[in-house]
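# Structural features, examined
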Amino acid sequence: MEYKRPQEGVHGLLTAIGQAHAYLHKGYNASVIVIPAAYGTHADPGAYAASVIGLTSPAAPIGVVTYLSPD
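A brief look at the structure comes next. (Residues numbered from 1 in each chain as written. Predicted model: local features only at pLDDT ≥ 70, side-chain atom pairs only at ≥ 80, totals over all residues. Heavy atoms only, no water.)

Where helix α1 (residues 9–26) contacts helix α2 (residues 45–56), the axes come no closer than 11 Å and their chain directions differ by 40°. In terms of orientation, α1 and α2 fall into the oblique class. Note on packing geometry: the crossing formed by α1 with α2 is right-handed. Of the residues in α2, those in contact with Leu-13, Leu-14, Ile-17 and His-21 of α1 are Pro-45, Tyr-48, Ala-49, Val-52 and Ile-53. (Axes fitted to C-alpha atoms, helices over the stretch in contact; angles between N-to-C directions. Helix = DSSP H or I, 4+ residues; strand = E, 2+ residues; numbered from the N terminus. Parallel < 35°, antiparallel > 145°, perpendicular 65-115°, else oblique. Left-handed = near helix turned anticlockwise from the far one by under 90°. Contact = heavy atoms within 4.5 Å.)

See the structure below:
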């Protein structure tokens, strides 16, 4: 599982995509990216990550989960 904090922004999103693929290459059966539902610089990073993964490696067992920041 690759968890990204809200402070990491879009850079964290891009590294998470790469890290998820690296976990699969290392031998894990699946990988999950956990990212904020929105960044100040990107309104829907979850949809973006899922889109990139779907376009570049649609058969890869990578899940994308978003979360809301707690109050």
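Moving on: the packing of aromatic side chains. For the coordinates displayed, the defined rule picks out 2 aromatic pairs. For the ring pair Tyr-3 and Tyr-67, a centre distance of 5.5 Å and an interplane angle of 20° mean the geometry is stacked. Remark: Tyr-67 occurs in strand β3 (residues 62–67) and Tyr-3 occurs in strand β1 (residues 2–3); sequence separation between them is 64 residues. According to the relative accessible area criterion, Tyr-3 is partly exposed, its value standing at 42%. Taking the centre distance of 6.0 Å and the plane angle of 80° together, the rings of Tyr-23 and Tyr-28 count as edge-to-face. Owing to a relative accessible area of 49%, Tyr-28 belongs among the partly exposed residues under this scheme. (Phe/Tyr/Trp six-rings, centres within 6.5 Å; stacked < 30°, edge-to-face > 60°. Buried < 20%, exposed > 50% of the residue type's maximum accessible area, 1.4 Å probe, protein only.)

Taken together, 3 strands build an open sheet; the order of strands is β1-β2-β3 and the sheet is parallel. Since the sheet does not close on itself, it has two edges, and those belong to β1 and β3, each with one partner. Examined bridge by bridge, β1 and strand β2 (residues 31–36) share 2 bridges and lie parallel to one another. The residue of β2 that forms the bridge with Glu-2 is Ile-33. (Pairing = 2+ DSSP bridges.)

The subject of this paragraph is the pattern of salt bridges. A complete count under the given rule lists 2 salt bridges for this structure. With its nearest N and O atoms 3.2 Å apart, the salt bridge here joins Lys-4 to Glu-2. Given the relative accessible area of 9%, Glu-2 is considered buried. One salt bridge connects Lys-4 with Glu-8, and the closest N-O pair in it is separated by 3.4 Å. We classify Lys-4 as buried; its relative accessible area is 5%. Here the salt bridges share partners, and the residues they tie into one network are Glu-2, Lys-4 and Glu-8. (Salt bridge = Lys/Arg side-chain N within 4 Å of Asp/Glu carboxyl O.)

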